[in-house]
Amino acid sequence: MSAKLARREHRTAWLFLTPLVVVMLMVAVWPLGRTFFFSFTDAYLDDPTVYGMVGISNFIEVINDPAWWSAVRNTLTFAVISVAIETLLGLGIALLLNEAIPGRGLLRAAILVPWAIPVVVATKIWEWMLNDQFGVFNRILISLGLIDHGIAWTASSSLIMGVVIFIDVWMTTPFMVLLILAGLQTIPGEMMEAAEVDGIPAWKRFWSITLPLLKPAIGVAVLFRSLDAIRMFDLAYVLAASNQNVMTVSIYARDRLISFQELGVGSAASTWVFLLVALVAIILIGALRLDRSAGE
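Keep in mind it's a predicted model, so treat the numbers as computed, not measured. (Residues numbered from 1 in each chain as written. Predicted model: local features only at pLDDT ≥ 70, side-chain atom pairs only at ≥ 80, totals over all residues. Heavy atoms only, no water.)

1. Quick look at the UniProt feature "transmembrane region" (unreviewed entry) in the protein chain
Then step 1. UniProt marks residues 12-32, 76-97, 109-130, 163-186 and 265-288 with the feature "transmembrane region" (unreviewed entry), using the numbering shown here.
Then step 2. Split by type, residues 265-288 is 100% helix and 0% strand. Its first and last C-alpha atoms lie 34 Å apart. (UniProt positions renumbered as here; feature names shortened; annotations may be inferred. Helix = DSSP H or I, 4+ residues; strand = E, 2+ residues; numbered from the N terminus.)

Here it is, written out as structure tokens:
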């Protein structure tokens, strides 16, 4: 009887899962499979039906292109710096919002505003604010006597990467705050109260109790943000289009596919992006021990 019931539950589970599996095949597996297929062809975007098989030559062409390695360097630089800053700021703000301070509910709602603004809108807002002629940012610096003329923040090759990182930190730190704050909510209050009664200093309570218990939440936040940063496209493209100083691997793949109409090479570049994201995910899961945390 129990075996019959188990089989019935198994069929019911698949009945409910089948629509989800079909949708996943349509929106994820099928496009990914087509991209992988075209990466072995010499197809062009104007007529994808005309193509020949070229093996792995497209993949070799991409990794032999200096522009690709420049994009990889830009992508990793952006990801490492932005995620590190966002993690530190997110941890600090989450610790502050977790305390019983006046207006805590209002602050929690306000901190989510930058994250709620669409990336394109937020990028254009900052582009106007950083304009060297009429941007409010330059006006403030001039009024404070820090500079004597407007700085072209988004046109300078030495400043553009810093601007992209700054805007990304402003927009996505709330995401880190949200995940880390959720982790803080799971820490038993009795444990912290007992440590306080025992006279353990605040810094030691944080280092010995709070931080170890927060590691799974911080690890998940870092993983999500790192993968998002590796495949970043919209922020850099809206701000600087195909500027070599901030070109990411996603922008590189887009240019080969759309600007040059090279469906085969663009698909190979997209496949390399997919493999890079997968590699980073594997490294982070192993380094942060998220697989072990999930099993504990």
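Structure's up, so let's keep going.
2. What about the packing of aromatic side chains?
Then step 1. Scanning the entire structure with this criterion turns up 13 aromatic pairs.
Then step 2. Ring centres of W68 and Y252 lie 5.5 Å apart, and the angle between their planes is 65°; this geometry places the pair in the edge-to-face category. Remark: Y252 occurs in helix α12 (residues 249-259) and W68 occurs in helix α3 (residues 66-97); sequence separation between them is 184 residues.
Then step 3. Classification of W68 as buried rests on a relative accessible area of 4%. (Phe/Tyr/Trp six-rings, centres within 6.5 Å; stacked < 30°, edge-to-face > 60°. Buried < 20%, exposed > 50% of the residue type's maximum accessible area, 1.4 Å probe, protein only.)

3. Remarks on the side chain of S39
Then step 1. As for its position among the elements, S39 is in the loop between α1 (2-38) and α2 (57-63).
Then step 2. A distance of 2.5 Å separates a polar atom in the side chain of S39 from the backbone oxygen of F36.
Then step 3. Residues within four places of S39 in sequence aside, it is in contact with G55, N58, F59, G264, S267, A268 and T271. (Polar contact = N/O pair within 3.5 Å; in protein donor to acceptor, adjacent residues only side chain to side chain. Contact = heavy atoms within 4.5 Å.)

4. Observations regarding α3
An α-helical turn contains 3.6 residues, so any two residues separated by three or four positions project in the same direction.
Then step 1. Helix length check: α3 (32 residues) gives 46 Å between terminal C-alpha atoms against 46 Å at 1.5 Å per residue, within 8%.
Then step 2. You can read the cap of α3 off the contacts: a side-chain oxygen lies 3.1 Å from the backbone nitrogen of A67, and it is on D65. (Expected span 1.5 Å × (residues − 1).)

5. Focus: the pattern of salt bridges
Then step 1. Applying the stated rule across the entire model yields 9 salt bridges.
Then step 2. When the shortest N-O distance is used, the salt bridge between D65 and R256 registers 3.3 Å. Linking D65 in the loop between α2 and α3 with R256 in helix α12, this pair joins segments that are 191 residues apart in sequence. With respect to burial, D65 and R256 carry one shared label: buried.
Then step 3. One salt bridge connects R225 with D228, and the closest N-O pair in it is separated by 2.8 Å. Here R225 and its partner D228 are both found in helix α10 (residues 202-230), 3 residues apart, which amounts to about one turn of the helix.
Then step 4. When its relative accessible area of 3% is taken as the criterion, R225 is described as buried.
Then step 5. Classification of D228 by relative accessible area gives partly exposed; the value is 32%.
Then step 6. By sharing partners, the salt bridges in this structure join E86, D168, R225, D228 and R231 into a single network. (Salt bridge = Lys/Arg side-chain N within 4 Å of Asp/Glu carboxyl O.)

6. A closer look at the environment of L223
Then step 1. Examined against the element boundaries, L223 turns out to sit in helix α10.
Then step 2. Under the relative-accessibility criterion, L223 is labelled buried at 10%.
Then step 3. Linking L223 and A281, residues 58 residues apart in sequence, is a C-alpha distance of 6.9 Å.

7. What about a nonpolar patch on the surface?
Then step 1. The grouping of W14, L17, L20, V21, V22, V23, M24, L25, M26, V27 and V29 at the surface amounts to a nonpolar patch, some 1000 Å² of accessible area in total.
Then step 2. Within the element layout of this structure, L20 appears in helix α1. (Patch = residues over 30% accessible without salt bridge, like charges linked within 9 Å, V, L, I, M, F, W, Y side chains within 5 Å. Areas by Shrake-Rupley, 256 points an atom, 1.4 Å probe, with all protein chains shown as cover.)

8. Observations regarding a positive patch on the surface
Then step 1. Side chains of K4, R7, R8 and R11 sit close together on the surface and give a patch of like positive charge.
Then step 2. Tracing the backbone through its elements, the reader meets K4 in helix α1. (Lys, Arg positive; Asp, Glu negative; His and termini not counted. Charge placed at Lys NZ, Arg CZ, Asp CG, Glu CD.)

9. Observations concerning the packing of helix α8 (residues 160-185) against α10
Then step 1. Between α8 and α10, the least distance of the axes is 9 Å, while the angle of their chain directions is 140°. Taken together, the axis directions place α8 and α10 in an arrangement best described as oblique. Seen along the crossing, α8 lies across α10 with a hand that is right-handed. On α10, the residues touching D168, T172, F175, M176, L179, I180, G183 and L184 of α8 are T210, L214, A217, I218, A221, V222, F224 and R225.
Then step 2. Class assignment for the residues of the contact of α8 with α10 results in 11 nonpolar, 3 polar and 2 charged. (Axes fitted to C-alpha atoms, helices over the stretch in contact; angles between N-to-C directions. Parallel < 35°, antiparallel > 145°, perpendicular 65-115°, else oblique. Left-handed = near helix turned anticlockwise from the far one by under 90°. Nonpolar A, V, L, I, M, F, W, Y, C, P; charged D, E, K, R; others polar.)

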